[in-house]
Amino acid sequence: MRFVKNWPAWARNTLYTGVAAAALFILFRWLLPVILPFAIALALARLMEPAVRFLHHKWRLPRKAGAALLTLLLVAAILAACWYLLSWLFWEINGLIDRAPSLMARLPEMNESFSARLERLIEAAPESLRDILRRGAEGVLNGLSAIPAAVIGWLTGAVGAFAAKLPYILLFIIALILSTFLISADYPGISRSLLSPFSEKTRHRILSVTSQLRKTLGKWLKAQGIMMLITFGQLLAGFIFLQIPTALLSALLIALVDALPVLGAGMLLIPWAITALIAGETARAIGLAVIYGVIVLARGFIEPKLVGSQIGLGALPTFMAMYAGFILTGVAGMIAFPILLITFSSVLKSFSS
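Fair warning: this is a prediction, and the values are worked out from it, not measured in the lab. (Residues numbered from 1 in each chain as written. Predicted model: local features only at pLDDT ≥ 70, side-chain atom pairs only at ≥ 80, totals over all residues. Heavy atoms only, no water.)

Peer 1: What am I meant to see in the overall build of the protein chain here?
Peer 2: Helix and strand counts for the protein chain come out as eleven helices and zero strands. The proportion of buried residues among the 353 residues of the protein chain is 26%. Within the protein chain, contacts between residues at least 6 apart in sequence are counted, and of these 60% link residues at least 24 apart. Taken as a whole, the protein chain presents about 23000 Å² of accessible surface, with 74% of it coming from carbon and sulfur. (Helix = DSSP H or I, 4+ residues; strand = E, 2+ residues; numbered from the N terminus. Buried < 20%, exposed > 50% of the residue type's maximum accessible area, 1.4 Å probe, protein only. Contact = heavy atoms within 4.5 Å. Areas by Shrake-Rupley, 256 points an atom, 1.4 Å probe, with all protein chains shown as cover.)

Peer 1: Please clarify how helix α7 (residues 247-259) should be interpreted in this entry.
Peer 2: One turn of the α-helix equals 3.6 residues, which is why residues spaced by three or four share an orientation. Here α7 is 13 residues long and its end C-alpha atoms lie 18 Å apart, about the 18 Å a rise of 1.5 Å per residue gives. Buried within α7 we find Ala247, Ser250, Ala251, Ile254, Ala255, Val257 and Asp258. Within α7, the buried residues cover an arc of 160° as seen down the axis, which keeps them to one side. (Expected span 1.5 Å × (residues − 1). Arc of directions from axis to C-beta.)

Peer 1: Hey, could you run me through unusual backbone geometry in this one?
Peer 2: Of note, Arg60 is a non-glycine position whose phi angle comes to about 60°, a positive value. Turning to its location among the elements, Arg60 is positioned in the loop between α1 (9-57) and α2 (63-124).

Peer 1: Quick question: what am I supposed to make of the pattern of salt bridges here?
Peer 2: Pairing is possible between side chains of opposite charge, provided their charged atoms come close. In this structure the tally under the stated criterion is two salt bridges. Across the salt bridge formed by Arg53 and Glu49, the nearest N and O atoms sit 3.5 Å from each other. Of the two residues, Arg53 and Glu49 both sit in helix α1, four residues apart, roughly one turn of that helix. You can call Arg53 partly exposed: its relative accessible area is 39%. Two residues, Glu49 and Arg63, come together in a salt bridge whose shortest N-O distance is 2.4 Å. Here the residue Glu49 occupies a position in helix α1, and Arg63 occupies one in helix α2, the gap between them amounting to 14 residues. Bridged by salt links that share partners, the residues Glu49, Arg53 and Arg63 form one connected network. (Salt bridge = Lys/Arg side-chain N within 4 Å of Asp/Glu carboxyl O.)

Peer 1: What exactly am I supposed to notice about the environment of Leu182 here?
Peer 2: Position of Leu182 relative to the elements: it lies in helix α4 (residues 147-185). The spacing of Leu182 and Ala41 is 141 residues in sequence and 9.0 Å in space, taken between C-alpha atoms.

Peer 1: Would you explain the nonpolar core in this entry?
Peer 2: Soluble globular proteins tend to pack their nonpolar side chains together in the buried interior. In this structure, Leu235, Phe239, Ile254, Leu269, Leu288, Ile291 and Ile295 are the most contacted members of the largest nonpolar core, which totals 14 residues. Every element with two or more residues in this core is listed here: α6 (200-241), α7, α8 (266-278) and α9 (282-311). By residue number, the principal contributor to this core is α7, which donates four residues. The residues touching Leu269, leaving out its near neighbours within four places in the chain, are Leu235, Phe239, Ile254, Leu288, Ile291, Tyr292 and Ile295. In this structure, Ala41, Ala45, Phe172 and Tyr187 belong to the second largest nonpolar core, which totals six residues. (Core = buried A, V, L, I, M, F, W, Y, C linked by side-chain atoms within 4.5 Å.)

Peer 1: I keep staring at a nonpolar patch on the surface and nothing clicks. Help me out?
Peer 2: A contiguous nonpolar surface patch, about 500 Å² in accessible area, is contributed by Trp30, Leu31, Val34, Ile35 and Phe38. Along the chain, Leu31 falls in helix α1. The exposure class assigned to Leu31 is partly exposed, which follows from its relative accessible area of 43%. (Patch = residues over 30% accessible without salt bridge, like charges linked within 9 Å, V, L, I, M, F, W, Y side chains within 5 Å.)

Peer 1: Help me out: how do you make sense of the confidence of the model for the protein chain in this one?
Peer 2: Any region with low pLDDT has predicted coordinates that should not be read closely. In this model, the protein chain carries an average pLDDT of 76, and 71% of its residues clear a pLDDT of 70 or more. When the elements of the protein chain are averaged for pLDDT, helix α11 (residues 333-352) gives the smallest value, 67, and helix α5 (residues 187-195) the largest, 82. (pLDDT = per-residue confidence, 0-100.)

Peer 1: In this structure, what is going on with the environment of Ala237? I would like to understand it.
Peer 2: Position of Ala237 among the secondary structure elements: in helix α6. For the pair Ala237 and Ile291, spaced 54 residues apart in the sequence, the C-alpha separation amounts to 9.3 Å.

Peer 1: So what exactly am I meant to see when it comes to the side chain of Thr231 here?
Peer 2: Positionally, Thr231 belongs in helix α6. Those residues within four positions of Thr231 in sequence are excluded, and the remaining contacts are Ala255, Asp258, Ile295 and Arg299.

Peer 1: Sorry if this is basic, but what is going on with a positive patch on the surface here?
Peer 2: A cluster of basic residues, Arg46, Arg214, Lys215, Lys219 and Lys222, forms a positive patch at the surface. Counting residues per element, the positive patch draws most heavily on α6, which supplies four residues. Positionally, Lys215 belongs in helix α6. Taking the relative accessible area as the measure of exposure, Lys215 reaches 52% and is therefore exposed. (Lys, Arg positive; Asp, Glu negative; His and termini not counted. Charge placed at Lys NZ, Arg CZ, Asp CG, Glu CD.)

Peer 1: Could you clarify how one ought to interpret the packing of aromatic side chains in this entry?
Peer 2: Two measures describe an aromatic ring pair: the distance that separates the ring centres and the angle between the ring planes. All chains considered together, the criterion is met by three aromatic pairs. Ring centres 6.2 Å apart and planes at 55° place the aromatic pair Phe54 and Trp59 in the tilted group. On the numbers, 6.3 Å between centres and 45° between planes, the contact of Tyr168 with Phe172 is tilted. Here Tyr168 pairs with Phe172, and both are found in helix α4, just four residues apart, close to one helical turn. (Phe/Tyr/Trp six-rings, centres within 6.5 Å; stacked < 30°, edge-to-face > 60°.)

Peer 1: Can you help me understand the side chain of Ser184 in this one?
Peer 2: Within the secondary structure, Ser184 is located in helix α4. Judged by relative accessible area, Ser184 falls into the buried class, the value being 0%. Not counting residues within four places of it along the chain, the set of residues in contact with Ser184 comprises Ala45, Met48, Glu49, Val52, Arg63 and Ala67.

Here it is in structure tokens:
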């Protein structure tokens, strides 16, 4: 790379930008699925390192024993959390199954009542619009009647997809646990081995970039936590106004679902609003729709600025990264692309300095 130093500044910056962008694209597109368990294991080992050092130096516990103990404690905590969440989910599903027969028995009555209200609205409209509105109402009713079958089909497909990926998931978990222990057991030596092929200046740059990324990830998690609290507050205020008996529990559950990249608050609020509308609870249905609209607007306006301020990017670049991530890779890309953008920015600054 010595000959590059003689290039003009704009040429060097262009080369570094292209190399960094290509490396990040290759990493995200092809290498990430392969190295993901080991990358997570390295991050977990780094988080456990102060505790492992404490056990080794203060309690004279062999490093491998300390790494094994902390890995087991970490796995036990994760398993306990998963068991609690799955038990809660199983309890909710059982309750839904118990209520399903009575709800299904009410569907014809609810459908008839909803159809009657639509017909009254259509009759109140100008005569020239009645045929158009009637055809639209028929389409809405057909769509609503197809919702139960669509939900059952989606659940069946989700269960089948999960069953098909179960061997991969188990292998991923086993590789993650073993890698966490093995890396933590010899973390100083592995760190030196990873950096040994590079020069002193390059090592300094790598350490600078990784330090910046750790801070960025922590700030990004803080931003997501703030967004979840904002969503929880909006939901709780709306549910209390609508006099929903389980306002606190419902707001907490939907806020947690909204934090998941694949789901979102609409996963629960939209079916709830449709069910309330069919059941004749028009005010509640409108209220739930308004709550969902407020959450979507607040997230759209606040999240880019909040995430940008936390990870050191402007609102516009953050929004562009989130939009590009959604278009190219789906909802998960809205999380990954801002992190990739800050990674790219850190690498570029390091090589340009």
